[in-house]
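Architecture at a glance
Each chain, letter by letter, is given below.
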Amino acid sequence: MSEILICPNEKQRLFFESSARYTAYGGARGGGKSWAMRMKMVLLAVNYEGINILLLRRTLGELRENHILPLQKLLTGIAEYRESQKEFRFGNGSRIKLGYCDGESDVLQYQGQSYEVIGMEEATHFTYFQFQCLTECNRASGSMKKPFTPRMFLTANPGGVGHDWFKRLFVDRQYRGNEKAENYAFIRSLVFDNAYIMENNPEYVETLMALPEKRRAAMLYGDWNSFEGAFFPEFCEEVHVCVPFEIPPDWQRFRALDYGLDMTACLWFAISPEGRVYVYRELYESGLLLSEAAAKIRAATPRQESIRYTVASPDLWNRRQESGKSGAEIMTAAGLTGLKKAQNERINGWRIVREYLKDGEDGKSALCIFRGCDNLIRCLPLLRFDSNVREDAADTPHEITHAPEALRYGLMSRVPRSEGKKEKPLPYSRSFEGRRPEREPYRSIIDY
Ligand SMILES: Nc1ncnc2c1ncn2[C@@H]1O[C@H](COP(=O)(O)OP(=O)(O)O)[C@@H](O)[C@H]1O
Ligand SMILES: [Mg+2]
């Protein structure tokens, strides 16, 4: 008979014993998160016959290093590893499947599947969309003999694309809609709780001590406020998203386009007589050739809508080697007329987007997005600060940048070119202060 002897520290024991629907663990480096997650999954597999477990990290490389290799070593003689399915099969019918969600949509492969337990390692590297999709797969799989209430386990450090949702649910404990406080438990652990590191690798603590102040506060002491979260903290669905209404025919309309074969993001804008800008439609589709994108944009625009112009990323005017024609020429030939080169000063452009998002004197913002523009609404709050260039947005994960870029092109098209270059406040009817964001830029974290 094989035996696994483990000795969890106090915090890890609390993690093992938690019976909450969602239990999170960690909050800082070296607190024994990955160890706790691995062991919890193994304990569940061994103790609950036929249980289906999914253990996830964001990328395959991380998954292999952090879990597949250590689990192979630990489970020799206990469970059989099948590389093609990336899963461990136990004699009692239990299964630990290991997976990763590199791109936003990779999570969809788990749709329709059922796992009694899901473990998300480094949960702040996952988007809220991914977390939500996974909660839908967290249900009885039908292969267990005894009843078992589905549960999810998460580990995390501050920072990353999922910083905000994780902090809201587990740190700030602010709940919306059907979310119930009693379903969320957070066991904080620091490197000081990890006796193994304190005894075997005390220099690691010195390494954490030597980090720059803010990063040290997050990584050593688990301070969730020392990391910059969203690039647009001012974005708020309650303020910036509205129920669609019929736009009067005399309002000015235009479009903004960020074209790429990986993603075509096109937004339709309308301006009210008071100068409020409404984004009322979006096209968001991958794999479209230039002519196909042009056709789709035209097809999505009813004939009676008069569109003044379509601003598009300036690289669309570069000549293509294959045809000698520019993307703009190909799109125009496909019927998308009125194309205009967008101003592409990124930092100034983001500043203008930020101004549009701020509350005006009348308590309303200058930008409103119609519910239904799902990708713009999803991606705007996910944007993060670039770790190198102050005031620019990070271009990773790349998928989330397309809709905000189109928004930037669109709003920049309302600013006269000279104004944009001089970095002056907006020519919108309200006065803006043109302030910089108050918080320090977010810096990305490399996992321990
Ligand atoms: N209870 C424990 N018993 C033995 N080793 C542990 C225990 N907890 C953590 N470790 C070891 O401490 C080190 C750091 O733990 P890890 O789980 O990788 O931390 P984190 O994921 O929080 O950065 C690893 O070598 C891990 O195997
Ligand atoms: Mg880890």
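What counts and what doesn't
Residues numbered from 1 in each chain as written. Chains lettered and ligands numbered in written order. Predicted model: local features only at pLDDT ≥ 70, side-chain atom pairs only at ≥ 80, totals over all residues. Helix = DSSP H or I, 4+ residues; strand = E, 2+ residues; numbered from the N terminus. Rg over C-alpha atoms; globule rule 2.2 N^0.38 Å. Buried ≥ 20, exposed ≤ 12 C-beta atoms within 10 Å, placed from the backbone. Pairing = 2+ DSSP bridges. Axes fitted to C-alpha atoms, helices over the stretch in contact; angles between N-to-C directions. Near = placed C-beta within 6 Å. Nonpolar A, V, L, I, M, F, W, Y, C, P; charged D, E, K, R; others polar. pLDDT = per-residue confidence, 0-100. Contact = placed C-beta atoms within 7 Å.

**Overview of the overall build of the protein**
What the protein contains, in helices and strands, is 15 helices and 15 strands. The C-alpha atoms of the protein give a radius of gyration of 25 Å, which matches the 22 Å a tight globule of 448 residues would have. With the C-alpha coordinates of the protein rotated into their principal frame, the extents come out at 75 × 45 × 45 Å. The buried share among the 448 residues of the protein stands at 41%.

**Some thoughts on the sheet that holds strand 8 (residues 184–188)**
The mixed open sheet is built from eight strands, whose spatial order is 3-4-5-2-6-7-1-8. The open sheet terminates on both sides in strands that have one partner only, identified here as strand 3 (79–82) and strand 8. Averaged over all neighbouring strand pairs, the angle between strand axes comes to 15°, with direction disregarded. Two strands pair when backbone bridges link them, and strand 1 (residues 22–26) and strand 7 (residues 151–156) are joined in this way by five bridges, in the parallel orientation. By the bridge assignment, Tyr22 is partnered in strand 7 with Met152.

**As for the site of ligand 1**
In the vicinity of ligand 1 lie 16 residues, with Gly32, Lys33, Ser34, Trp35 and Tyr196 positioned nearest. Elements that contribute at least two residues to the shell around ligand 1 include exactly helix 2 (33–47) and helix 6 (195–200). Among the elements that take part in the shell around ligand 1, helix 2 stands out by supplying three residues, more than any other. Among the residues making up the shell around ligand 1, the classes are represented as six nonpolar, eight polar and two charged.

**Considerations on the confidence of the model for the protein**
Within the protein, residue pLDDT values average 87, and 90% of them lie at 70 or more. For residues 420–448, every residue scores under 50 in pLDDT, and the model assigns this stretch 51 contacts once sequence neighbours within four places are set aside.

**Quick look at the sheet that holds strand 12 (residues 277–285)**
Taken in spatial order, the seven strands line up as 9-15-12-11-10-13-14 in an open sheet, and their pairing is mixed. Each edge of the open sheet is held by one strand with a lone partner, namely strand 9 (241–242) and strand 14 (339–341). Taken together, the three bridges between strand 10 (residues 252–258) and strand 13 (residues 310–312) define a ladder with parallel strand orientation. Bridging from a neighbouring strand, Leu257 pairs with Ala312 of strand 13. Packing against the sheet, helix 10 (residues 290–299) makes contact with strand 10, strand 11 (264–271) and strand 12, and its axis sits at approximately 140° to strand 12. Docked against the sheet, helix 14 (residues 402–412) engages strand 10, strand 11, strand 12 and strand 13, running at close to 135° with respect to strand 10.

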